[in-house]
Amino acid sequence: MGIADKAVPVNADRSNFNFTMLSNAKPQHGQCPVKIDFSARAAEPRDAIKGQIARIYFYMHDRYDLNMSRQQQQLLMAWDKQFPVTEWERERDRRIAKRMGHSNPFVTGERTWSLGHKNRAEGVVTQLLSRQTQQTHAPIEIKTSFKTDCCSIAPIPFLCNVIKKLNYSD
């Protein structure tokens with residue numbers, strides 16, 4: 001079983017549950033201290049990745065124009081402040097930016113999240129296709145890749161199954 005295989009039970013259990021603070025729940029995945037409350041449909045990741053999760057959620061919601069509840073925004077904003085960007089997160093962002101062509105502005109500090117945040121929707125496919133065809137009429141290619149360790153939690157579960165490659169031409 002590889003490292004990524006070990007994350008499967010955690011991600012499967014977390015499903016699409018909201019994040020929360022679970023003071024009474026006990027970790028259920030051995031050495032991976034994620035807490036999941038199935039009856040409340042809620043999960044709490046380990047402290048070391050709470051800030052990263054917040055900034056990933058901000059990025060995904062902003063870029064792909066996703067909605068987030070006020071309660072979830074408040075929790076993630078608290079995690080963002082409580083667990084600031086680390087040098088490793090900056091390095092990880094630089095590596096991802098080399099492949100994606102852009103950074104996570106919530107990691108670089110170019111953007112901050114506040115209640116009532118207005119999403120930029122820069123990654124919405126219809127906007128990308130429209131922009132691409134207006135500029136060049138050339139095919140557009142979108143690639144995604146996620147890697148996790150046993151204690152990582154996929155930022156948004158349905159994105160793990162996102163289309164790997166999309167070609168578009170007139």
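Residues numbered from 1 in each chain as written. Predicted model: local features only at pLDDT ≥ 70, side-chain atom pairs only at ≥ 80, totals over all residues. Heavy atoms only, no water.

### Looking at the pattern of salt bridges
Oppositely charged side chains are able to pair whenever their charged atoms sit close together. The final tally for this structure, using the stated rule, is eleven salt bridges. The partner of arginine 94 in a salt bridge is glutamate 91, with the nearest N and O atoms 3.1 Å apart. Here the residue arginine 94 and the residue glutamate 91 both occupy positions in helix H4 (residues 87-100), the gap between them amounting to three residues, near one helical turn. On the basis of relative accessible area, glutamate 91 is assigned to the partly exposed category, the value being 26%. Several salt bridges share partner residues, and in doing so they unite Glu87, Arg90, Glu91, Arg94 and Arg95 into one network. (Salt bridge = Lys/Arg side-chain N within 4 Å of Asp/Glu carboxyl O. Helix = DSSP H or I, 4+ residues; strand = E, 2+ residues; numbered from the N terminus. Buried < 20%, exposed > 50% of the residue type's maximum accessible area, 1.4 Å probe, protein only.)

### Thoughts on helix H3 (residues 70-82)
Residues spaced three or four apart along an α-helix face the same direction, because each turn holds 3.6 residues. Over its 13 residues, H3 extends 18 Å from the first C-alpha to the last, a length consistent with the 18 Å expected when each residue adds 1.5 Å. Within H3, the full set of buried residues consists of Gln72, Gln73, Leu75, Leu76, Met77 and Trp79. (Expected span 1.5 Å × (residues − 1).)

### Focus on unusual backbone geometry
For residues other than glycine, phi is negative in most cases, and the peptide bonds are mostly trans. Phi is positive for aspartate 65, close to 55 degrees, though the residue is something other than glycine. In this fold, aspartate 65 is placed in the loop between helix H2 (47-63) and H3. Residue aspartate 65 is classed as partly exposed on the basis of its relative accessible area, which comes to 44%. Positive phi, normally seen in glycine, also occurs at alanine 121, with a value near 55 degrees. Relative to the elements of secondary structure, alanine 121 occurs in the loop between helix H5 (105-108) and helix H6 (125-135).

### Notes on H2
The end-to-end C-alpha separation of H2 is 25 Å, in line with the 24 Å expected for 17 residues at 1.5 Å each. Across the 17 residues that make up H2, a large majority, 15, are buried. Backbone geometry just downstream of H2 places aspartate 65 in the positive-phi region, at approximately 55 degrees.

### Quick look at the packing of H2 against H3
If you want to describe how two helices pack, look at the angle between their axes and the distance between the axes. Running from N to C, H2 and H3 point in directions that differ by 125 degrees, and their axes come no closer than 8 Å. Classed by the angle they form, the pair H2 and H3 counts as oblique. Handedness of the H2/H3 crossing: left-handed. Here Lys50, Gly51, Ala54, Arg55, Tyr57 and Phe58 of H2 lie close against H3, whose contacting residues are Leu76, Met77, Trp79 and Asp80. In the contact of H2 with H3, the residues fall into six nonpolar, one polar and three charged. (Axes fitted to C-alpha atoms, helices over the stretch in contact; angles between N-to-C directions. Parallel < 35°, antiparallel > 145°, perpendicular 65-115°, else oblique. Left-handed = near helix turned anticlockwise from the far one by under 90°. Contact = heavy atoms within 4.5 Å. Nonpolar A, V, L, I, M, F, W, Y, C, P; charged D, E, K, R; others polar.)

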